[in-house]
2 protein chains.
Amino acid sequence: MDPRPTTSSAEHDIAADLVAVLVAVTSGDPRVLTIQDQRALPSGPFELAHRSLQSGLRAWVERQTRLPLGYVEQLYTFADRDRADATGKHVISISYLGLTREQPALGEHEARWRCWYDYFPWEDHRAGPPPLIEQALRPGLRAWIAAASDRAAQRGRRQRAAMLFGLEDHAWNEELVLQRYELLYEAKLIPEAHRGNSQAFELGDTVRPAAPGKPMMLDHRRILATGIARLRAKIKYHPVVFELMPDTFTLLQLQRCVEALAGRQVHKPNFRRLIEQQELVEETGETSQEAGGRPAKLFRFRRTVLAERAISGTKLPISGA
Amino acid sequence: MDPRPTTSSAEHDIAADLVAVLVAVTSGDPRVLTIQDQRALPSGPFELAHRSLQSGLRAWVERQTRLPLGYVEQLYTFADRDRADATGKHVISISYLGLTREQPALGEHEARWRCWYDYFPWEDHRAGPPPLIEQALRPGLRAWIAAASDRAAQRGRRQRAAMLFGLEDHAWNEELVLQRYELLYEAKLIPEAHRGNSQAFELGDTVRPAAPGKPMMLDHRRILATGIARLRAKIKYHPVVFELMPDTFTLLQLQRCVEALAGRQVHKPNFRRLIEQQELVEETGETSQEAGGRPAKLFRFRRTVLAERAISGTKLPISGA
DNA sequence: ATCACTTATACTCCTAGAGAGCATAAGTTA
DNA sequence: TAACTTATGCTCTCTAGGAGTATAAGTGAT
């Protein structure tokens, strides 16, 4: 073990990049900020001027996009060899999840909001399991299963696919976004898997039809998957949804927001019961009748709960897991 | 937004360090591997030869300590300005949690296993709330509360302290390890808070008596807190405990291991019920009578559950939260 | 041999919370 | 006025999880 803080000669120069998964929910769609023809996540260099990584990200995002970043959380740090840049220098990417409200009309650097289900169409189960799993994914998965070396390996692959994609009466678990992406990647059903690493085409690896869903540069789609998974897990025990809501909202709007993120429907009475009995919100006294039915009460998030409670003590009724 | 992958001129040279929180549980104590007179966590440079960060850490740890690393998980990436090394170069620290079984007699670089409660004595509630919270912590906390600018701020501080340390009929939540450390740090009850940043002694900041617990170099104690918190959260829904157990074990040994990590007692009948009804273990047919009572059946972890189940579907009876 | 003690293991009871369904209220639009 | 939409309240049921109790099967001391 190398005793700190003597600077070892083995240390090499490395560049650090910040990559952001910026999420907003607009009119019932979970959206993510993209650049470069919607094929990349916004990223920028980590500069010496920044006090810390988190403040570096905040400063950079708010300067570039003028978005007020409500909630920021570190996701994961990558440093794969493929990511070395033109000079051969190692690039470390530190990815962050950021939540914000609504989208202003930002137009710089062709930044665009895009529904995240465009990149992961199999993740949207709000109207039940999407048919595209059976139609577009299953054949490729079958081919991957059959391509395993022996019977035991085939059984393992089948079991893993069934568990992750909710096949053969496995229940759908919306949190396993990253694992599903990694399986599809491993099964060469993701276009990104064919780039860079040319060893991928050895042996009996036939090129299988790509899974639906828009690809991204480098490993940005994996980073996005990480962000979605983290957010889906987080909303169950931490009141972060409110960072995505306007100041006042109806309970149905809140529910739609949660459903958009979780990618599954929520039982309406239970949802209201949970929100209200936890006293996460308070009435504003006003009502909204945007939706042509009985006017709904408007609510506002009780920010004080963040101080009152142990921060891990809130729950949303998403069965899953 | 800066379109990748053009290398921006604003990128500066940075060194990347890997820091490991290596955990083992021996004879009922949760231990962590330390170096430098038990004042630092093992760390090493990230080298170009490594395929990825994770494999870099694995290779380096296994080479230096000859420990078989069962489970590895990334914790957090730090890059605070204080961490700049002698040359003024930014140092990014990527911290990892690693689980291993037992300790061999490794003696290199004065590496030693040490009980993690030596660094966080207030975290051990296995025999009820430790008296040292009332005796050694409470006075300092009171002083910090009283030092707030106005009544509202005082109330906020009191509430936060009560929530985190289980005072004033708040329940103890064993997962909030990091938040507790950060509060003590902020309250200047942690010796590490007095180093480096000399601005800390402005205004009415009196030097309060330090909290008990062995300090560490740099922010290593914070990293350790992060690791403990992550592990305490993880054992509740993922069967990682078994990475810390020998091949065969009794249910009581397993329970003691969980209790050591969680820092609280567990209801024995409920624990056994949960473990058995989830079919996490299988009998070996043998029995153990190390403990001078009725011989206990020996069990073994059913590794297949990792494939069978969605990995998030296991639970341990730790009320908390 | 008996007793005290330790540990293992099996049951029962209770309650809070989550899932699901139904009923009613109060608006809108055709 | 009817049909439809959305809001809101209530009930029922099931189960997981928390807590307590009882019995079994060993050890070591008197």
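Rules used in this analysis
- Residues numbered from 1 in each chain as written.
- Chains lettered and ligands numbered in written order.
- Predicted model: local features only at pLDDT ≥ 70, side-chain atom pairs only at ≥ 80, totals over all residues.
- Heavy atoms only, no water.
- Helix = DSSP H or I, 4+ residues; strand = E, 2+ residues; numbered from the N terminus.
- Contact = heavy atoms within 4.5 Å.
- Areas by Shrake-Rupley, 256 points an atom, 1.4 Å probe, with all protein chains shown as cover.
- Phe/Tyr/Trp six-rings, centres within 6.5 Å; stacked < 30°, edge-to-face > 60°.
- Buried < 20%, exposed > 50% of the residue type's maximum accessible area, 1.4 Å probe, protein only.
- Pairing = 2+ DSSP bridges.
- Near = heavy atom within 4 Å.
- Polar contact = N/O pair within 3.5 Å; in protein donor to acceptor, adjacent residues only side chain to side chain.
- Nonpolar A, V, L, I, M, F, W, Y, C, P; charged D, E, K, R; others polar.
- Axes fitted to C-alpha atoms, helices over the stretch in contact; angles between N-to-C directions.
- Parallel < 35°, antiparallel > 145°, perpendicular 65-115°, else oblique.
- Left-handed = near helix turned anticlockwise from the far one by under 90°.
- Expected span 1.5 Å × (residues − 1).
- Bend = angle between axes of the 7 residues up to and from the residue.
- Salt bridge = Lys/Arg side-chain N within 4 Å of Asp/Glu carboxyl O.
- pLDDT = per-residue confidence, 0-100.

### Remarks on the overall build of chain A
- Counting its regular elements, chain A contains eight helices and nine strands.
- The long-range fraction of contacts in chain A, counting pairs at least 24 apart against all pairs at least 6 apart in sequence, stands at 65%.
- Total accessible area computed for chain A in this model is approximately 14,300 Å², and 49% of it derives from carbon and sulfur atoms.

### Remarks on the packing of aromatic side chains
- Under the criterion given, the structure shown has 14 aromatic pairs over all chains.
- Seen in terms of ring centroids, Phe120(A) and Trp122(A) are 5.8 Å apart; in terms of plane orientation they differ by 90°. Their pairing is edge-to-face. Trp122(A) matches Phe120(A) in its accessibility class, with the two residues each being buried.
- Look at Phe242(B) and Phe249(B): their rings are 5.9 Å apart centre to centre, the planes differ by 40°, and that puts the pair in the tilted class.

### Description of the sheet that holds strand β7 (residues 248-249) of chain B
Residue and element names in this part refer to chain B.
- On the basis of which strands lie adjacent, the open sheet formed by three strands has the order β7-β9-β8 and antiparallel pairing. Looking along the sheet, the strands with just one partner apiece sit at the ends: β7 and β8 (281-288).
- As judged from the two bridges shared by β7 and strand β9 (residues 296-301), these two strands associate in the antiparallel manner. Looking across to β9, one finds that Phe249 is bridged to Phe299.

### Overview of the protein's contact with DNA strand C
- In the vicinity of DNA strand C lie 23 residues, with Asn270(A), Arg273(A), Arg294(A), Leu252(B) and Arg272(B) positioned nearest.
- His267(A) is positioned with one of its side-chain polar atoms (N or O) 3.0 Å from a base nitrogen of DNA strand C.
- In the model, a base nitrogen of DNA strand C is placed 3.4 Å from a nitrogen or oxygen of the Arg294(B) side chain.
- Looking at the surface near DNA strand C, the elements that each hand over two or more residues are α7 (268-277) of chain A together with α7 (268-277) and β9 of chain B.
- When residues of the surface near DNA strand C are assigned to their parent elements, the largest contribution, four residues, is made by α7(A).
- Considering only residue class, the surface near DNA strand C consists of nine nonpolar, seven polar and seven charged.

### As for the sheet that holds strand β7 (residues 248-249) of chain A
- Strand order in the open sheet formed by three strands is β7-β9-β8 (chain A), and the pairing between neighbours is antiparallel. Only two strands of the sheet have a single partner each, and these edge strands are β7 and β8 (281-288) of chain A.

### Focus on the packing of helix α3 (residues 151-165) of chain B against helix α4 (residues 177-186) of chain B
Residue and element names in this part refer to chain B.
- It is at 10 Å that the axes of α3 and α4 come closest, and there the two elements cross at 140°. Between α3 and α4, the angle falls in the class oblique. Crossing angle aside, the handedness with which α3 passes α4 is left-handed. Contacts between α3 and α4 pair Arg160, Ala161, Leu164 and Phe165 from the former with Gln179, Arg180, Leu183, Leu184 and Glu186 from the latter.

### Re the packing of helix α6 (residues 251-262) of chain B against α7(B)
All names here are of chain B.
- Viewed as axis vectors pointing N to C, α6 and α7 meet at an angle of 105°, and their least axial separation amounts to 11 Å. In terms of axis orientation, α6 runs roughly perpendicular to α7. Touching Leu251, Leu252, Leu254, Gln255 and Val258 of α6 are Lys268, Phe271, Arg272, Ile275 and Glu276, all from α7.
- A breakdown of the residues in the contact of α6 with α7 according to their chemical character gives six nonpolar, one polar and three charged.

### Quick look at the environment of Leu97(B)
Residue and element names in this part refer to chain B.
- Note that Leu97 resides in strand β5 (residues 90-99).
- Spatially, the C-alpha atom of Leu97 lies 7.6 Å from that of Val23, the residues being 74 residues apart in sequence.
- Beyond its immediate chain neighbours, meaning those up to four positions away, Leu97 contacts Val21, Val23, Tyr71, Val72, Glu73, Leu75, Gly227, Arg230 and Leu231.

### Observations regarding the pairing of strand β2 (residues 29-34) of chain A
Residues and elements named next belong to chain A.
- Most of β2 sits inside the fold, with five of its six residues counted as buried.
- As judged from the four bridges shared by strand β1 (residues 14-26) and β2, these two strands associate in the antiparallel manner. Note that in β2 the partner of Val25 across the bridge is Pro30.
- In sequence, β1 turns back onto β2 through a hairpin of two residues, with Ser27 there showing a positive phi of about 40°.
- Here β2 runs beside strand β6 (residues 112-115); their pairing, made up of four bridges, is antiparallel. What sits directly across from Thr34, in β6, is Arg112.

### Quick notes on helix α2 (residues 131-146) of chain A
All names here are of chain A.
- Between its first and last C-alpha, α2 extends 22 Å over 16 residues, near the 22 Å set by a 1.5 Å rise per residue.
- In the structure, α2 departs most strongly from a straight axis at Leu137, where the bend amounts to approximately 45° and where the proline Pro139 lies between one and four residues downstream.
- Among the residues of α2, Ile133, Leu137, Arg138, Gly140, Leu141, Trp144 and Ile145 are the ones counted as buried.
- Where the residues of α2 are buried, they touch α3 (151-165) and α4 (177-186).

### Observations regarding the pattern of salt bridges
- According to the stated counting rule, one finds 38 salt bridges over all chains in the structure shown.
- The partner of Glu174(A) in a salt bridge is Arg264(A), and the shortest N-O contact between them spans 3.1 Å. Of the two residues, Glu174(A) is situated in the loop between α3 and α4 and Arg264(A) in the loop between α6 (251-262) and α7; the sequence distance between them amounts to 90 residues. The pair formed by Glu174(A) and Arg264(A) is uniform in burial state, with each residue classed as buried.
- A salt bridge links Arg160(B) to Glu186(B); the nearest nitrogen and oxygen atoms lie 3.0 Å apart. Placement of Arg160(B) in helix α3 and of Glu186(B) in helix α4 is noted, with a sequence separation of 26 residues between them.
- Put simply, Glu174(A), Glu175(A), Lys236(A) and Arg264(A) are held in one network by salt bridges that share partners.

### Focus on unusual backbone geometry
- In the Ramachandran plot, Glu279(A) falls in the positive-phi region, its phi being about 55° despite a non-glycine side chain.
- With a relative accessible area of 48%, Glu279(A) lands in the partly exposed category.

### Quick notes on the pairing of β9(B)
- By the bridge criterion, five bridges tie β8(B) to β9(B) in an arrangement that is antiparallel. Residue Val281(B) lies in a different strand from β9(B), and its bridge partner there is Phe301(B).

### Some remarks on the confidence of the model for chain A
All names here are of chain A.
- Taken as a whole, chain A shows an average pLDDT of 82; of its residues, 81% reach a score of 70 or greater.
- Below a pLDDT of 50 lies the segment residues 1-11, which in the model reaches 27 contacts outside its immediate sequence neighbourhood of four places, other chains included.
- Scored below 50 in pLDDT, residues 197-204 shows five contacts in the model against residues more than four places distant or in partner chains.

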